[in-house]
Amino acid sequence: MRLSTLSRLVTGLGLLALVACGDDDTTSGGTAGTGAGTTGYQVDPAPGGVRRLTPSQLRYSMEYLLGAEAALLVPEPDNTPQLRGFESIAAAELSYSSSEVDGWESAATRIADAALDDLSGLARFAPCVNSAPTAACYEDVAARFGRVAWRRSLDDAEKARLVAIANAAQAWGEGDFDTGLRYELMAILQSPNFLYQVEVGEPHPTRELVRVLTQQELASRMSLFLLHRTPDLELLDAADRGELESDEQIRAAARAMLTQPEARRALDRFYGELFAIDSLGNVNRTAALFPEWGAELARSMQEETLRFIGDIVFDRDADARELFTSQSTFVDARLADFYGVVAPSAGWSEVTLPESQGRLGILGKPAFLARYAQPSFTSPTRRGRFVWEKFLCDQIPDPPPGVDITVPPEEEGKPQTMREKLEIHMEEPSCASCHQKVDPIGLAMEHFDAIGKYRADDRGLPLDTAGEYSDFGSFAGAADLGLILAEDERATTCFVKNFVRGSMGHLETRGEKEEIEALAERFAADGYSLRGLMVELVTSPAFRTVGELK
Amino acid sequence: MSRHRPDSSSPKKHGVAPLIRTTATRARTELGRRTLLRGMAAGGGVILGLPLLEAMLDENGTALADGHDLPMRFVSWFLGNGVRLQRFEPSTIGAGWQANPSEELAPLGANLLPYVNVCTGLQNWCPVRVTHHEGMTAFNGYTMTEVSGLFSKAGGPTIDQVIADRIAGPTAVKSIQIGISKRVSIMDSGTTMHSLSHRSANEPLYPEFNPQKVYERLFSEFEPKPDDRALRLAVLDAVREDAKRLQGRLGSMDRARLEAHLTAVGELESKINTLPPSCVLPSLPSETNQDVAGVEPVTSVNEAMSDLLAYAFECDVTRVASVFFIGGAAETTFTEIGQNVGHHYNTHDSSAQEAVHQGVVYAMQRFATFLEKLRQRVEPAGDNLLDTSIVLLGSDCSEGLTHSISRQPMLLAGHGRNKLAYPGVHYQSTPYGGTPGALAAAGNTSDVLYTCLKAFDPTATSVGDMVPKNRPNGTWFGTSNPPAQVVVGSSTTIPELHGSAWEG
């Protein structure tokens, strides 16, 4: 029954493809246009400037630059700074603190040592470190390794400064070549040219206040989004040759990047952050109530959700709305036990979840359900808020100051369901407007306890997961909600908005509105391919231009 | 293929570093580092240089012989989600309150209570209300900025940073930010709720939760190693050059961010140039703040961090710290005392107020651990570290149950070389009504910040940007009209808190 609803849905949506825009290529040409043309609107791009590389971008860049050992030495903050739910937005707004600059100097030193312990990483870019380790090689390192680390070619003065450091260090090291190399690497890695993604562009030929990213800047923006790392040598070469100019060239480059294994890892980081499941291991659950809860189970849940998403996006390039509607998932032995399904003989395998549990898509995934709960009980409010904010991109206001945000305690021997307890929030005038919007969504998931395990009832009390809602119509439970979300245009647009936030480091602006809507239409027309959406986003003028420098 | 790496453990093959910087900034440090290279392993720690000797004091023992003031220290210490006021505020006002300490202050014990000034009944005048966020302004006196939903950024520098700018002096680390419980709020966004130290809206100084990393930041500079300071400084020169070139291409916000980066580079340069401390350094702590079977090791982390701070003060590696014990609206559960509901959640639950109280008592015990470590270290002039420090304990609300910012709890432990009253007093601006709902308050929490600041810098003129008497709803306290003279920020100290050496 649910699957037939899904297929009806997919067929119905085929219509949209016809009305969505075709291949009107309004942005081709040397100016990387700004969306003016047959679409009837112009993109007023968000401000340009510099953004810090995020911790995971630093780590994955280091892996590409100097190898896995070096990557392990990149500091990993306990609580990665986010603004508005995104590391990328924090990276666009916050400064480096003294402790970060200090810590990075230490890290750069250790990374340089690791690079010298195993020169194969560095030698990929500057073979002379193996073949001709003499002073002349320092210039080569500056030019070749510097270029890939700084994501652009270095000018003569920049190279000379690095070589001078290397020479001085070599002299200090009594002629030891590696000593010179060590400090040269430290200088390259501590430079703002490595630590910040520069998106300054050049003035647009016709539009004031619009700047067109250079092809090198575009290469970086694409790579740091799609692969979460610095652009590789091939992409930099292509940018230097002027081959990231037309829409088709950019699409081709993006498609090629999405076939690389790092693309999957980058999307893992994106959704790990968006759904806040990266920090799932950090939640407390009352051991007496949830004895199976622990770091291992949390890790399995994280991996399950990421495998689920990766399968849709990368293994099958399937309809992204399966994120809301799919009844299948991936389990290891621990999760098989958790779900009550047959365990794989080894590792992970795909299973169809029991229909009786009503688990469709992310809303049925324990990584989400456990993340948004309290230590001893569920939190329909948190779960509902998650759906509004992450899937519909709608911001829920906060409780007014001073109000009681707890659910009323139970009297001894008189258990109540969460629905009964939350009634006061939905009735009390100061609470009602938001809770009426949020709670029914979360209450639809009440068959899943505080660690996301299915329960037929709540300590013997029957559960009522039905809801009705002007925005959504009526639903019987979480599974219906998933099907409704799949059809909701706001959810379609929200896929685009989340990518804008994650890739460009800002909340979507007024000047990007029409372009985001157009991208959402194209996404729908393209069978809801998230890979297709990523390709179209990086090709979009919103991605290739910036506004006034912030 | 690999070759040997540069030998970084033995100094023998390295000569004097080449002078590729101006000699002026280098001259002072050469001698110091040679001293450092004599460092040798001894027990768990490393002995460096000479201990601070009485010979280094002036004849009165009240200043260093070179004319510098003896060091003072400042710490802000944060306990999120308030206290139980009726079990926190002492019943005795003024001097002698220690004879009858409240239940939530009793954990400080007889040795520490004399060091504590208690400030109650004060109003935080933040004119914007989000819940929790506005309470954080008790540490800077500035209204939050960019407020939307549960998002905000700090509106101005926190008091620890204002003081650090004045007293960091020659120390290696201008200030250090420490976190104890990692389970910060997951529902709040922005910088306000996740950091106790801010330099500006876009310069939060996030806490470090891993004691080993705190150790590294404070002490690893002074471990014996070849003298490559000139090279490191040359690298930082290049960093400066690159940052300045980049700045020239950017807009104002990014230029300011790069400026903050340059300031941080300057602090690192100072650290590299600093004389090694005259003390026995601690050994690397074994605690790394990883959960043990799902339980946060709060007690152990607090112990390790407190040790590191005490060492850092004794060694004069830093003079300013902030300790983010548990965040406001945090997910922290005090599992170690048998609780299984989050402390913040409990504060909102009228039937769980006993558990809240137990949580506050537990937190005050941890605070006592820190203070006691300061008290037990005595400097050559005879003062212990608590005598030379001022430690501000505060929260982001008064009663957790209401999350009000009227009557936010504030303690000042340590008297900062008698700048503050010792033995401490209980200053109360408004009597307590006795119930969580009756939170009358007057005065100004920023006056406490200003009093702290004046203790360190008698020339300071004000703190913060809030207007006392301006209520959140836009009306004026006691009247519908603005007062004749609108006062911005606090320029008022609390005389009851002045000590015998007060100069403000």
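Since this is a predicted model, take the numbers as computed values, not measurements. (Residues numbered from 1 in each chain as written. Chains lettered and ligands numbered in written order. Predicted model: local features only at pLDDT ≥ 70, side-chain atom pairs only at ≥ 80, totals over all residues. Heavy atoms only, no water.)

## Brief notes about the overall build of chain A
So, point 1. A tally of helices and strands in chain A yields 27 helices and nine strands.
So, point 2. Within chain A, the proportion of its 550 residues that are buried is 62%.
So, point 3. Per element, the accessible surface of chain A, about 19800 Å² overall, is 51% carbon and sulfur. (Helix = DSSP H or I, 4+ residues; strand = E, 2+ residues; numbered from the N terminus. Buried < 20%, exposed > 50% of the residue type's maximum accessible area, 1.4 Å probe, protein only. Areas by Shrake-Rupley, 256 points an atom, 1.4 Å probe, with all protein chains shown as cover.)

## Some remarks on the side chain of Ser404(B)
Residue and element names in this part refer to chain B.
So, point 1. Relative to the helices and strands, serine 404 resides in the loop between strand 13 (389–394) and strand 14 (410–413).
So, point 2. Serine 404 gets classed as buried once you look at its relative accessible area, which sits at 18%.
So, point 3. Polar side-chain contacts of serine 404 include one of 2.9 Å to the backbone nitrogen of serine 406. (Polar contact = N/O pair within 3.5 Å; in protein donor to acceptor, adjacent residues only side chain to side chain.)

## Focus on the packing of helix 12 (residues 215–226) of chain A against helix 26 (residues 530–539) of chain A
Geometrically, a packed helix pair is captured by the angle between its two axes and the distance between the axes.
All names here are of chain A.
So, point 1. At a minimum axis distance of 11 Å, the contact between helix 12 and helix 26 shows a crossing angle of 155 degrees. Relative to helix 26, helix 12 is oriented roughly antiparallel. Where helix 12 crosses over helix 26, the handedness of that crossing is right-handed. Listed contacts from helix 26 to Leu218, Met222, Phe225 and Leu226 of helix 12 are Met534, Leu537 and Val538.
So, point 2. Taken together, the residues that form the contact of helix 12 with helix 26 break down as seven nonpolar, no polar and no charged. (Axes fitted to C-alpha atoms, helices over the stretch in contact; angles between N-to-C directions. Parallel < 35°, antiparallel > 145°, perpendicular 65-115°, else oblique. Left-handed = near helix turned anticlockwise from the far one by under 90°. Contact = heavy atoms within 4.5 Å. Nonpolar A, V, L, I, M, F, W, Y, C, P; charged D, E, K, R; others polar.)

## A look at the state of the cysteines
A covalent bond between the sulfur atoms of two cysteines is what we call a disulfide.
Residue and element names in this part refer to chain A.
So, point 1. Applying the stated criterion across every chain, the model contains three disulfides over all chains.
So, point 2. One disulfide in the model links cysteine 128 with cysteine 137; its S-S distance is 2.0 Å. Because the sign of the S-S torsion sets the handedness, a value of about 75 degrees for the bond joining cysteine 128 and cysteine 137 places this disulfide among the right-handed ones.
So, point 3. Using a relative accessible area of 10% as the deciding quantity, one classes cysteine 128 as buried.
So, point 4. Given a relative accessible area of 2%, cysteine 137 falls into the buried group.
So, point 5. Between cysteine 393 and cysteine 494 runs a disulfide, and the two sulfur atoms are separated by 2.1 Å. Across the S-S bond of cysteine 393 and cysteine 494 the torsion is about 80 degrees, and the bridge reads as right-handed. Taken together, the residues cysteine 393 in the loop between helix 20 (380–391) and helix 21 (418–427) and cysteine 494 in helix 24 (residues 489–504) connect sequence positions 101 residues apart.
So, point 6. Classification of cysteine 494 by relative accessible area gives buried; the value is 1%. (Disulfide = S-S within 2.5 Å.)

## Remarks on the pairing of strand 5 (residues 145–148) of chain B
Residues and elements named next belong to chain B.
So, point 1. When strand 5 meets strand 6 (residues 151–153), the two strands line up antiparallel, connected through two bridges. When the bridges of strand 6 are listed, threonine 145 appears paired with lysine 153.
So, point 2. Hairpin connection, strand 5 to strand 6: the antiparallel pair is bridged by two residues, and glycine 149 has positive phi, about 60 degrees. (Pairing = 2+ DSSP bridges.)

## Here we look at the interface of chain A and chain B
So, point 1. Residue-level contacts link 89 residues of chain A with 88 residues of chain B.
So, point 2. A buried area of about 7400 Å², summed over both sides, lies between chain A and chain B, and 52% of it is on carbon and sulfur atoms.
So, point 3. Its largest share of buried area at the contact with chain B, chain A owes to Arg84(A), Trp172(A) and Asn284(A), together 10% of the area lost on that side.
So, point 4. Counting across the chain A and chain B interface gives eleven salt bridges.
So, point 5. With its nearest N and O atoms 2.5 Å apart, the salt bridge here joins Asp102(A) to Lys271(B).
So, point 6. If you look at where chain A meets chain B, you find 28 residue pairs in polar contact (both at pLDDT 80 or more).
So, point 7. Ranked by residues supplied to the side of chain A that touches chain B, first place goes to helix 5 (residues 98–117) of chain A with ten residues.
So, point 8. Looking at the side of chain A that touches chain B residue by residue, the classes come out as 37 nonpolar, 26 polar and 26 charged. (Buried area = accessible area lost by both parts, 1.4 Å probe. Salt bridge = Lys/Arg side-chain N within 4 Å of Asp/Glu carboxyl O.)

## With respect to the sheet that holds strand 3 (residues 202–203) of chain A
All names here are of chain A.
So, point 1. As summarised here, the arrangement of the five strands in space is 2-1-9-4-3, forming an open sheet in which the pairing is mixed. Each edge of the open sheet is held by one strand with a lone partner, namely strand 2 (196–199) and strand 3.
So, point 2. By the bridge criterion, two bridges tie strand 3 to strand 4 (residues 211–212) in an arrangement that is antiparallel. Note that in strand 4 the partner of glutamate 202 across the bridge is valine 212.
So, point 3. Helix-sheet contacts for helix 12 involve strand 1 (47–52), strand 2 and strand 9 (545–549), and the interaxial angle to strand 2 is about 130 degrees.

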